[in-house]
Amino acid sequence: MYVQVPWQANFHETGPHLSRVTTGPVQPGPTFRPFRHFRLPRIFLAAAKPSPAGTIRSADDDVPAAMVSPTPDRRLIPSARLVLPRLGFALARAMSSGSAQRVFQLRLDPLTGDSEWVVIEEDAGGAAPESLHEGLLARTSYLDMLNDSRRNRAFREAIDKAIAGPCRVLDIGAGTGLLSMMAARAMGLRDSPTCHSNNGLATACESYLPMVKLMRKVLHANDMARGITVLYKRSDEIRVGVDIESRADVLVSEILDSELLGEGLIPTLQHAHDMLLVENPVTVPYKAIVYGQLVESTYLWKLHDLYNKEAEISDGIHLVPAGLERIIGVKLQQHPMHCDALKREIKLLSEPFRIFEFNFGKRPESHGETAVRVKATGSGQVNAVISWWMLQLDDKGSIHYSTAPKWITLSGAGNWCDHWKQCVWFIPGKGVPLAKDEEISLRASHGETSISYQLEPHQPKSTEGDHNIKGGDFCLALSPERIAIYGDAEWRLSVLNAIKTVLQRRAPSLCVIADDSIFLALLVARLSKASHIMALFPGLQDKGIHYLEAVADANGFSMDHVEFVRKKTANWTGHDTHKKAVDLLIAEPFYYGSDGMLPWQNLRFWNERTALDSLLSKDASIMPCKGLLKVCAMSLPDLWNSRRSLDKIEGFDHSLVNATLGACGDAVDGGPCLPFFVWQCGEVKELSQIVTVMEFDFSRPISPCQGKAKVKFSERGICHGLVLWIDWVMDAENSIVVSTGPDQRYWKQGVKLLPTPVAAGIHGATTNTGETSCLIVRTSFNPSNGELVINHIPS
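Note that the structure is predicted; figures quoted are calculated from it, not measured.

Once that is clear, we can look at the overall build of the protein chain. A count of helical and extended segments in the protein chain gives 16 helices and 42 strands. Among the 795 residues that make up the protein chain, the fraction classed as buried is 63%. Taking the intrachain contacts of the protein chain between residues at least 6 apart in sequence as the baseline, contacts between residues at least 24 apart amount to 78%. As displayed, the protein chain offers around 28900 Å² of accessible surface, 48% of which is attributable to carbon and sulfur atoms.

Right under this line is the structure:
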């Protein structure tokens, strides 16, 4: 889920060390986009300007999760974006009261949508509840970043070149303190009585309490605790003469996301140059250059142009009717993606071109614009601009790091990593046609946290926003993958046939849409005009109803028998259903804003079904009827290596962070199960048949479940983990099944990495020494918290 939070809030604390503020359901939405899982807090809290105190809001500005006191200014700079891939905690705001340090974290229950603010106070001994932090940190991309040896080496080489003697160094967004330790070592600072005698000083600024505590342990393990000053605060809270003696001579910092600017690079540099750095400071990195390339890709087109894709489907359903071409679309922003996985599906229409350059040693402007003349290298339809950036880490231009796709020569591309991807900017509609050698103008502009593009004069200008209402025109922003699902003819046919099968038995008097599926709501309203429809729309809220109102006429139904219910199903009575029993309860299931969550967290549908149990008719139809938890053993070398246990990083011991960060090879169970688009995870290969390990029966109320399966290897190779997903059985005859497995590229799967890779031998054949023919997989589902526990042993 995506949660918008303020930087100041006033809570009534119920205890000296731990207090809770229950906020009710958080209404997720795509107002802010995800990046790097939870790496965000360490950077953005160090960079962002505080917004006025008072409001804790959901990502949907229209629906507050909780309001402490009203404020006229609800603006947050876009880096305040949090992604919750599972039940856990999201950082809200670090605060201090005298010597006490507090951090607010938001705990979400994926089965109910309920949320709870937990206020964690670090006691005098510096020991906040570790269990509250470790689960969160194990689901961040810190580990992936620290395993990026090419990144680490480039920063070490640049820091060694930049620091020739004693100086004052500031590290903003320090994380584990790696860059600070590199700088301190270059100055000869170690833990000793004379560690400060050379007048050198390294200051590590980090605003995320769990990471601050981890950094202090790392510094101590490397004899750097006395040589580096740790500041637990945002960089814009640092005061010269109070927190640091004088302005810093050197800035070392890595506050970059896949887009470059999304973690607050510009406002951070602005404040640092204004308040914290000497004139003409040395900076590592030295500068960053953004590059782009025009491409044609049917896959990328499907991710955003539902109107033209739907025109190819003749099922009579019009999610995007004629005249309402912008009623559904993706948010106008760059979308991080592993474009190497699409290499065979992309046609390059231009050479790479330079777009923006940002010099870290100079105060950047908040806004900039440029026009680039691009010559087509081939004929085709421009569907997207793919962009990446290159760092020049030293002033001489000898040390570089690039996030370019591997098809770019001389990019210095290294091993696969997940913390930085390429970015995709979609060109509206079917794209812009180009002929070979034709020139086209690309206008690029940047704000403080994002970059946007405009092809001129072919592409009409668009306005940004989640919903844009002009003259009655309403636009609903969905994720690219959700757009593609709604435009997929096979998926639509499966769902349509399932609904028709149910309706052929009898027309339901009362139908409840238990999720955020506008497709199902539209479908039932169109096909069963006598039915009364109650839509929960727990994430979409009013947006779902506004959408249905806009498309009702084009789809031949009246809104008179469609009702939006805000009340939680747990509190429903016969009065809420107008004294009617629920004849049809349906969902895809899909919950708006849950794109980054694990597959089984869509079992929220089962929880809703249970809450409505007493209101269901005796012969009520429930769709889907059941969910099948599937598992496949796979070779995932790139993903496993990105999350492997750490030893020394450029000479600094990081082994003590492995358990906290959920590293493979260190944790007993191989770390947490994490959501990934498996097809984008570098080198991947299926090594076993797909088997069902557990079944969820939605005809009955939610209950604990256990499963066991023998996963037999059918291919030789190295098994790095288990990939799990849910296939949804839509009808009682088990004839219509919607799969969300790895071959269905619009859904994420759960990946459970093995602590140590296993050599797979073919089951039933002669196995070589050291090979394993199968794995025994055991799973258990706990309905009280939505947790799925996965265990596996070789057999």
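Once that is clear, we can look at helix α6 (residues 209-221). The terminal C-alpha atoms of α6, which comprises 13 residues, lie 19 Å apart, in line with the 18 Å expected from a rise of 1.5 Å per residue. Among all positions of α6, only L209, P210, M211, V212, K213, L214, M215, V218 and L219 are buried. A positive phi of about 55 degrees marks D223, the residue just after α6.

Now for the sheet that holds strand β37 (residues 705-712). Paired through their backbone hydrogen bonds, the strands of a sheet run either parallel or antiparallel. Spatially, the 3 strands line up as an open sheet ordered β37-β41-β42, and their pairing is antiparallel. Every other strand in the sheet has two partners, leaving β37 and β42 (787-794) as the edge strands with one partner each. Averaged over all pairs of adjacent strands, the angle between their axes in this sheet comes to 15 degrees, without regard to strand direction. Bridge count for strand β41 (residues 774-782) against β42 is 8 bridges, and the pairing is antiparallel. The residue bridging L775 from the neighbouring strand is P794, located in β42.

With that settled, the discussion passes to the confidence of the model for the protein chain. Averaged over all residues, the pLDDT of the protein chain equals 84, while 81% of them reach at least 70. Across residues 124-129, confidence stays below pLDDT 50; counting only partners more than four residues off in sequence or on other chains, it has 9 contacts.

Attention now goes to helix α4 (residues 149-162). Compared with the 20 Å implied by 1.5 Å per residue over 14 residues, the 20 Å span of α4 between its first and last C-alpha is a close match. Listed in full, the buried residues belonging to α4 are R150, R151, N152, A154, F155, A158 and I159.

Counting buried positions along strand β19 (residues 384-392) gives 8 out of 9 residues, so the element sits mostly inside the fold. Of the pairings in the sheet, the one linking strand β12 (residues 287-296) to β19 comprises 9 bridges and is antiparallel in character. Its bridge partner lying in β19, I289 is registered against M390. With 3 bridges connecting them, β19 and strand β20 (residues 400-402) associate as antiparallel partners. Considered in β20, the bridge of M390 is made with S402.

About the cut-offs
Residues numbered from 1 in each chain as written. Predicted model: local features only at pLDDT ≥ 70, side-chain atom pairs only at ≥ 80, totals over all residues. Heavy atoms only, no water. Helix = DSSP H or I, 4+ residues; strand = E, 2+ residues; numbered from the N terminus. Buried < 20%, exposed > 50% of the residue type's maximum accessible area, 1.4 Å probe, protein only. Contact = heavy atoms within 4.5 Å. Areas by Shrake-Rupley, 256 points an atom, 1.4 Å probe, with all protein chains shown as cover. Expected span 1.5 Å × (residues − 1). Pairing = 2+ DSSP bridges. Axes fitted to C-alpha atoms, helices over the stretch in contact; angles between N-to-C directions. pLDDT = per-residue confidence, 0-100.

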